[in-house]
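Here is how the chains run, residue by residue.
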Amino acid sequence: MKKIFLILGLFFLENKVIVLICLTFFANCLAFGIDDPNFKKEKTFTIKSNKELTEIAKILHSVSSLEGIQYYSNTHGEWETLYHKAGYIENPNNQKFLPDSYYSGTDKTYYCLLEDNSLGKCVFKIDYLENSSAINAKFIIVNPITFMGITGISPNNLDIQLNVKKYENTLQFVIQIVAKYQTISFLESKLEKSLNARLDALYKWFTDELAKE
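Rules and cut-offs
Residues numbered from 1 in each chain as written. Predicted model: local features only at pLDDT ≥ 70, side-chain atom pairs only at ≥ 80, totals over all residues. Heavy atoms only, no water. Helix = DSSP H or I, 4+ residues; strand = E, 2+ residues; numbered from the N terminus. Buried < 20%, exposed > 50% of the residue type's maximum accessible area, 1.4 Å probe, protein only. Contact = heavy atoms within 4.5 Å. Pairing = 2+ DSSP bridges. Axes fitted to C-alpha atoms, helices over the stretch in contact; angles between N-to-C directions.

Turning to its location among the elements, Val-123 is positioned in strand β7 (residues 120-130). By relative accessible area, which is 3% here, Val-123 ends up buried. Residues Val-123 and Cys-112 lie eleven residues apart in sequence; the distance between their C-alpha atoms is 5.7 Å. In contact with Val-123, other than residues within four places in its own chain, are Ile-89, Pro-92, Gln-95, Cys-112, Leu-113, Ile-140, Ile-141, Val-142 and Asn-143.

Below is the structure:
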């Protein structure tokens, strides 16, 4: 009888481990949402601030404030405008800009258009998650990004996540960019430089907005 219980115990333990491995695997897949990305960068910044999370949330809901932000172009060796136009739109087909007040809570699907200096017109779906201590905005590309008729990034293959956590008088701001693009030499180089530049540009945008009264 002891042997039977021992065998059953080992069987349960083995299967429990298998289940945990499977759950971990699927959780990681859901976290990134892109199969086999060839670009994945994350930067974490700790910023001193006494602002409440509701004030921080307003920044992440103010998509139009991205218009005109600057980034350093390593290709041209100078500062350039990253987004020439930015704002919410009703949907990918109706690209008329809507005011930031269009945001009305997390139980809704949002879209925005960012007219990118090097990537062209990019339409993103935005998913917001918010609780009492953190807010997350995830931008998912919904239209293909093309160069000279070649699709460099397909729909759903570019995620930009902005996450802010509140810790007493500090904020932890995390920027994560995950992408899968065509492995063509001239495209790889262009896209990698562009995506890297966006990490620093988005940090500068957030801290500039945070400093405003």
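Sheet strands associate in pairs through backbone hydrogen bonding, adopting either a parallel or an antiparallel arrangement. Strands sit in the order β1-β12-β11-β8-β7-β6-β4-β5 across an open sheet of eight strands; the sheet is antiparallel. In this open sheet, the two edge strands, each paired with only one partner strand, are β1 (39-48) and β5 (97-98). In this sheet, strand β6 (residues 110-116) lies alongside strand β4 (residues 83-89) in antiparallel orientation, the contact comprising six bridges. Opposite Tyr-88, over in β6, you have Cys-112 as the bridge partner. Most of the contacts of helix α2 (residues 53-61) go to strand β8 (residues 134-141), to which it runs at about 10 degrees, and overall it touches β4, β7, β8, β11 (158-167) and β12 (170-179).

Moving on, we come to unusual backbone geometry. With a phi angle near 50 degrees, Asp-36 is a residue other than glycine that sits in the positive phi range. Along the polypeptide, Asp-36 turns up in the loop between α1 (2-32) and β1. A positive phi angle is found at Glu-168, which is not glycine, with a value near 50 degrees. For Glu-168, a relative accessible area of 74% gives the class exposed.

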